Amino acid sequence: MTRRIKSALALLAGNAIGLLLATLLLSGFAIKPISFIVVVIVFTLVQVVAEPLILKLGEKKAPALKGGIALIVTFVGLLITDLVTAGLTVGGISNLLAATLLVWLGALLASIVLPIYVFTELREPKKKS
């Protein structure tokens, strides 16, 4: 399996863990079991597309936001995924804000743990080609 595929799988797994964490801890935040995979894929795709755009905007308009870009991307990802999929129910603005933090935290922890135990190749720096 190539490094790019392993990296994509680690990102999907991290987002799945983060979304599960939010589902377990927040009442009103729910993902229909039948559409869990679709929600994770849509959420991850939105993040992948939104991150460079938000990063560029942040650098030009508000450089102080640079440290919070991951949280902003997670927020946007949840918001758009909620709008375009029928399988995700956020349950209000307070849940959206809390879920942003929980999903970000779950994905962050997974991005630390997964390369250590599952995707060991991702621990090493990327080889220049």
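Every residue gets a number counted from 1 within its own chain, in the order that chain's sequence is written. Two thresholds apply to this predicted model, a pLDDT of at least 70 for residue-level local features and 80 or more for giving and counting side-chain atom pairs, whereas whole-chain, interface and lining totals are computed over all residues. Hydrogens are left out, water is left out, and the side-chain values use all remaining heavy atoms of the structure.

Chemist: Any details on the environment of Ala30? Residues and values, ideally.
Modeler: One can find Ala30 in strand E1 (residues 30-31). Throughout this description, buried means an accessible area under 20% of the type-specific maximum (1.4 Å probe, protein chains only), exposed means over 50%, and partly exposed covers the range between. Exposure remark for Ala30: the relative accessible area of 35% places this residue in the partly exposed category. Along the sequence, Ala30 and Val90 sit 60 residues apart, while their C-alpha atoms lie 6.5 Å from each other. In what follows, a contact means two residues having at least one pair of non-hydrogen atoms within 4.5 Å. When sequence neighbours within four positions are dropped, the list of residues in contact with Ala30 reads Thr23, Gly87, Leu88 and Thr89. Strands here mean DSSP runs of E at least two residues long; helices mean DSSP runs of H or I at least four residues long; both are numbered from the N terminus.

Chemist: An account of helix H3 (residues 69-84) is requested, with residue identities and associated values reported.
Modeler: Taking 1.5 Å per residue as the helical rise, H3 with its 16 residues ought to reach 22 Å, and the 22 Å between its terminal C-alpha atoms agrees with that figure. Those residues of H3 lying buried are Ile69, Val73, Thr74, Gly77, Leu78 and Thr81. Buried residues in H3, looked at end-on, bunch into an arc of 165°, giving them a common side. A helix is expected to span 1.5 Å multiplied by its residue count minus one. Directions from the helix axis toward the C-beta atoms define the arc.

Chemist: Just give me the short version of the nonpolar core, but keep the residues and values in it.
Modeler: In terms of nonpolar packing, the biggest core is built from 17 residues, with Leu19, Ala22, Phe29, Ile31 and Leu78 touching the most fellow members. Broken down by secondary-structure element, the contributors of at least two residues to this core are helix H1 (3-25), helix H2 (36-61) and helix H4 (93-117). Setting aside chain neighbours within four positions, we find Leu78 in contact with Leu19, Phe29, Phe43, Leu88, Leu96, Ala99, Thr100 and Val103. Remark: nonpolar core denotes a set of buried residues (Ala, Val, Leu, Ile, Met, Phe, Trp, Tyr, Cys) joined through side-chain atoms within 4.5 Å.

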